[in-house]
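One-letter residues, chain by chain:
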Amino acid sequence: MATTRSARARKAAAEAGALSAVTIDVGADDSFVYRIACAQCTTAASARATGRTERRPWSTYRPGADNGYLAAMDRWTFHLTERHPDEDAPCLAYLEAAQQRLHERRDQG
Ligand SMILES: [Zn+2]
């Protein structure tokens, strides 16, 4: 199980390119939960304990959302095209398919 997970993480990292840091958790229903973080970008996250705002790596993970391989890779692909247009990564080859999936999700409401 652990080997499969790390093999999947390596494969996803290879697709996502040099800026990515891929981690995979196992969800409550035994599904793989993909989290692709950006090595360059941070987002503000308020820490409840201290009341201060911390900077955390930008990540594809969305609580309660679908964080399967495709959903995470789609979010990462959009992040790369928006924030790092000069970066090259294998996943960018699927940008058109990712946009198509985004439209389909929106159509479903
Ligand atoms: Zn970034």
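Here's a quick rundown of the structure. Computed from a predicted model, the values in this text were never measured in an experiment.

Rules used in this analysis
- Residues numbered from 1 in each chain as written.
- Predicted model: local features only at pLDDT ≥ 70, side-chain atom pairs only at ≥ 80, totals over all residues.
- Heavy atoms only, no water.
- Salt bridge = Lys/Arg side-chain N within 4 Å of Asp/Glu carboxyl O.
- Helix = DSSP H or I, 4+ residues; strand = E, 2+ residues; numbered from the N terminus.
- Buried < 20%, exposed > 50% of the residue type's maximum accessible area, 1.4 Å probe, protein only.
- 1 Å grid on protein atoms, 1.4 Å probe; cavity = no way out; pocket = protein on both sides within 12 Å on 5 of 7 lines; lining within 4 Å.
- Points joined across faces, edges and corners; volume = space filled by probe spheres on them.
- Nonpolar A, V, L, I, M, F, W, Y, C, P; charged D, E, K, R; others polar.
- Donors = N, O, S within 2.8 Å, 3.2 Å for Na, K, Ca; no water.
- Tetrahedral: all angles 85-135°; square planar, octahedral: opposite > 155°, others 65-115°.

## Some words on the pattern of salt bridges
- The full count for this structure, using the stated rule, is 3 salt bridges.
- Here R101 makes a salt bridge to D74, at a shortest N to O gap of 2.8 Å. Residue R101 is found in helix α3 (residues 95-107), and its partner D74 is found in helix α2 (residues 69-83); the two are separated by 27 residues along the sequence.
- Note on D74: relative accessible area 2%, which makes it buried.
- In this structure, R105 and D74 form a salt bridge, with 3.8 Å as the shortest nitrogen-oxygen distance.

## Overview of the layout of surface pockets
- Approximately 160 Å³ is the volume attributed to the largest pocket.
- In this structure, the largest pocket is lined by R35, A37, R56, P57, S59, Y61 and R62.
- For the lining of the largest pocket, the secondary structure elements donating two or more residues are β2 (32-46) and β3 (53-59).
- A per-element tally of the lining of the largest pocket places β3 first, with 3 residues.
- The class makeup of the residues in the lining of the largest pocket is 3 nonpolar, 1 polar and 3 charged.

## A word on the coordination of the zinc ion
- Protein ligation of the zinc ion involves C38 (SG), C41 (SG), H79 (NE2) and H84 (NE2), the donor distances falling in the range 2.0 to 2.3 Å.
- Classification of the site at the zinc ion as tetrahedral follows from its 4 donor atoms and the range of 102 to 115° in their angles at the metal.
- Taken in sequence order, the residues that donate to the zinc ion follow the motif C-x2-C-x37-H-x4-H. Note on accessibility: H79 and H84 belong to one class, buried.

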